[in-house]
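# Descriptive structure summary
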Amino acid sequence: MATHPYLPHTEADLARMLAAFGAAGLDDLYSDVPAELRLSEPYRLPAPISEAELDRYFASLARMNRELVCFAGAGFYHHWTPAVIPAITARSEFLTAYTPYQPEISQGTLQYIFEYQSMMCALTGMDVSNASMYDGATATAEAMVMAVNSARKRRRVLVSETLSPAVAEVLATYAAGLGITIEMIPEDGGVTSRTSLAEQIKAGDVAGVIVASHNKYGIIEDFEGYADLCHDNKALLIIHSYAADLGVLRSPAEWGADIACGEAQSLGMPLNYGGPYLGFLCCRQALMRKLPGRIVGATTDSEGRRCFVLTLQAREQHIRRQKATSNICSNQGIMTLHAAIYLSLLGAKGLEKVNRTGFEAAHALATGLCATGRMQLLFADKPFLNEFAVKLTDPLTADAVIEACLAKGILAGVKLTDDTLLIAATEMCSPADVNAYIETVKSL
C-alpha cells in the first residue's frame, strides 16, 4: 500500500478480495505478465509545479509542432472542422452525458443520437443505423459477425483484397476468436475480381461478402450485380465506405447491400494521433435485431408529445449482459454528436461541395505529377474521387518523395511499396499546395 497511497482500500479490504479468487497477494494478479515488462520501481515523476508553470510547459511543447499540408489518407483524411462543432460538443450538458438509460432526463442526448441515425440512414440509404462503433475497422468486423449470426450454420466470409489492409487485419482478429473462416477474393487490375467472387461464393457455406468503395487504392469500384450474386447464394453483401464519400457516390443501398459500414472520421473529425474516430454501421430493417450499438427511436409520451427512447433494449448489456450485442457506450456520445452537427451544418449541398473540391484538387495533382514524368497512375483506367496510387519511375523512390516534400512542409502520402505511393487531397489542399507538391517532384 505504501507504493500506492492514493488507493482507498484497507488491508482488510484487499485481503477479502484476494481470498475471493484464491490469490495470495497482489503480485499474483500479474503472474502472467513477464517480469521484464513489469514496473520494478515507482515512476520517475518530476517535482510538482504550479498550474501556470504547467501551462507554459505544454505551450512550449506545442510550439515544437510543425504543421504540414496533408496529402496522406489511406482511410483517414484531413477535413475542415467548423468552429461551432467543438463549441457545442464541449458544453457540459453534452460533455458529461453518457449512457441515456433514463429517457425522462436524457431527451437531449437521445434526440441528437436519433438525428445522427437519421442522417446516416440518408447517406447510406439503409433502413436502420446504430450509434455507433469505435472506428471503421471494428464496425466492419461487427458487420461480419452480423452476417455470420444471421446465416446460422454458415461461417465463411469472403473479403476483397482491395479492402484496407488495416481493416482486414481487424477482421482476421475477430474471426480467429469466433471461429469464422475468412477467404480473400483476389484483386484484378486494382478492383475486386468479379470472376473469382462468383466462383468462391458458389462453393457454398458463405455467410457474407465484404467489398470496399473507395478501395485501398482510392478506386471507386463497380458493384453492379454483386447483390444478386450474394442473395442467390444466401449470403449478405457488406459494403465498406468512408462516410463523406457517400455525399456524391452511389449509396450502399443503391448497390443492393444488406449492411453498410465504415469510417466516419471524414465528417470533419480532426486527425488527432489516431482518434477518437467513429465507426458507422447501418443495415436493412430485417437485420435490426442483430445490429450492435445503440438504437434510438421516436415515439410519443402519455400526453401525445414527441419524445425519444432507446429501443430493442433486450440487446443492451444493462438488460442481459451475457447475451448482449451492444457494449458500445462512450462513442455514441461525443463522436455521434460531432457527426450530427457536421452533417446538419453542411447539408447535402455542402457535403457535395467538400467532395467536389477534394476531387478537383486530387485530379489536378494527379495530372501534374504524371506530367513531371516522375510518376504515373498505378491504375490509369480506374475512376477515383480524391485518392489515387502512383508508381514512381526508377530510380525515384517513395522514401525520396516523402523526405523531399517533408522539407517543403508537405506530407506527401502513404508509402505502399518502395516505388508506389498513395496520395489523397481534400478541401484543405489549396491550388498553391498542389503546385508546391508538383514543383517539389519536378526538382527531384
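Everything in this summary refers to the structure shown in the same document. Model, not experiment: these values are computed from the prediction.

### Focus: the side chain of Thr162
Following the sequence through the fold, Thr162 ends up in the loop between β3 (156-160) and α7 (165-178). According to the relative accessible area criterion, Thr162 is buried, its value standing at 0%. Within the local environment of Thr162, its side chain forms a polar contact with the side chain of Glu221, the two groups lying 2.6 Å apart. Not counting residues up to four positions away in its chain, the partners in contact with Thr162 are Glu187, Gly190, Val191, Thr192, Ala212, Asn215, Lys216 and Glu221.

### Overview of the sheet that holds strand β9 (residues 259-263)
Taken in spatial order, the seven strands make up an open sheet running β2-β10-β9-β8-β7-β3-β4, and their pairing is mixed. This sheet does not close on itself; its edge strands, each paired only once, are β2 (128-129) and β4 (181-185). Contacts from α7 reach β3, β4, β7 (206-212) and β8 (236-242), with the element oriented near 155° to β4.

### Let's talk about the packing of aromatic side chains
Taken as a whole and assessed by the stated rule, the structure comprises 10 aromatic pairs. For the pair Phe223 and Tyr226, a centre-to-centre distance of 5.3 Å together with 55° between the ring planes defines the contact as tilted. Here the two residues Phe223 and Tyr226 agree in accessibility, since each one is buried. Pairing Phe223 with Trp255 gives two aromatic rings, centres 5.6 Å apart and planes at 75°, and the pair type is edge-to-face. With Phe223 in the loop between β7 and α9 (226-232) and Trp255 in helix α10 (residues 252-255), the pair connects residues that are 32 residues apart, well separated along the chain. Summarising the burial analysis for this pair, Phe223 and Trp255 share the class buried. A connected cluster of aromatic rings, assembled from ring pairs, spans Phe223, Tyr226 and Trp255. Directly above the ring of Trp255 sits Arg250, whose terminal nitrogen or CZ lies 4.0 Å from the centroid.

### A closer look at helix α5 (residues 107-124)
Across its 18 residues, α5 extends 26 Å between first and last C-alpha, which sits within 8% of the 26 Å expected from 1.5 Å per residue. Phi for Gly125, located one or two positions after α5, is positive at around 80°.

### Some words on the sheet that holds strand β14 (residues 387-392)
Strand order in the open sheet made by the four strands is β13-β14-β17-β16, with antiparallel pairing throughout. Edge positions in the sheet fall to β13 (375-377) and β16 (414-417), since each has one partner strand and no second. Between one strand axis and the next, the sheet turns through 35° on average, direction left out of account.

### Description of empty space enclosed by the protein
One water molecule sets the probe size; rolling that probe over the atoms shows where empty space is left. Counting across every chain of the model gives two cavities of 30 Å³ or more. Lining the largest cavity are 14 residues, with His79, Ala244, Asp245, Asn355 and Asn386 sitting closest to its centre. Residue contributions to the lining of the largest cavity peak at four residues, all from helix α11 (residues 334-371). Its residues assigned to classes, the lining of the largest cavity comprises five nonpolar, seven polar and two charged. What the second largest cavity holds in volume is close to 70 Å³. Residue lining of the second largest cavity: Tyr217, Gly218, Ile219, Leu377, Leu378, Phe379, Lys382, Phe384, Glu387, Phe388 and Ala389, and that is the complete set. The leading source of residues in the lining of the second largest cavity is β14, at three residues. Taken together, the residues of the lining of the second largest cavity break down into eight nonpolar, one polar and two charged.

### Observations regarding the environment of Trp255
For Trp255, a relative accessible area of 13% translates into the label buried. Once the C-alpha coordinates of Trp255 and Ala314 are considered, the two residues, 59 residues apart in sequence, prove to be 31 Å apart.

### Quick look at the pairing of strand β11 (residues 296-300)
Taken together, the five bridges between β11 and strand β12 (residues 306-310) define a ladder with antiparallel strand orientation. Bridge pairing in β12 links Thr300 to Arg306.

### Observations regarding the nonpolar core
Among the nonpolar cores identified, the biggest contains 33 residues, and Tyr116, Met120, Leu267, Leu278, Phe280, Val296 and Leu351 are the most heavily contacted of them. The set of elements that each furnish at least two residues to this core consists of α5, β10 (279-283), β12 and α11. A total of nine residues in this core trace back to one element, the largest contributor, which is α11. The residues contacting Phe280, other than those within four sequence positions of it, are Tyr116, Met120, Thr124, Ala139, Ser241, Ala243, Leu246, Ala260, Cys261, Gly262, Glu263 and Ala264. Core analysis: the next-biggest nonpolar cluster, separate from the first, contains 31 residues, Ala139, Leu236, Cys283 and Leu291 among them.

### Observations concerning the layout of surface pockets
Approximately 370 Å³ is the volume found for the second largest pocket. Together, Asn65, Arg66, Glu67, Leu68, Cys70, His78, Pro270, Leu271, Asn272 and Tyr273 line the second largest pocket. Taken together, the residues of the lining of the second largest pocket sort by class into five nonpolar, three polar and two charged.

Procedures and definitions
- Residues numbered from 1 in each chain as written.
- Predicted model: local features only at pLDDT ≥ 70, side-chain atom pairs only at ≥ 80, totals over all residues.
- Heavy atoms only, no water.
- Helix = DSSP H or I, 4+ residues; strand = E, 2+ residues; numbered from the N terminus.
- Buried < 20%, exposed > 50% of the residue type's maximum accessible area, 1.4 Å probe, protein only.
- Polar contact = N/O pair within 3.5 Å; in protein donor to acceptor, adjacent residues only side chain to side chain.
- Contact = heavy atoms within 4.5 Å.
- Pairing = 2+ DSSP bridges.
- Axes fitted to C-alpha atoms, helices over the stretch in contact; angles between N-to-C directions.
- Phe/Tyr/Trp six-rings, centres within 6.5 Å; stacked < 30°, edge-to-face > 60°.
- Lys NZ or Arg CZ within 6 Å of the ring centre and 35° of its normal.
- Expected span 1.5 Å × (residues − 1).
- 1 Å grid on protein atoms, 1.4 Å probe; cavity = no way out; pocket = protein on both sides within 12 Å on 5 of 7 lines; lining within 4 Å.
- Points joined across faces, edges and corners; volume = space filled by probe spheres on them.
- Nonpolar A, V, L, I, M, F, W, Y, C, P; charged D, E, K, R; others polar.
- Core = buried A, V, L, I, M, F, W, Y, C linked by side-chain atoms within 4.5 Å.

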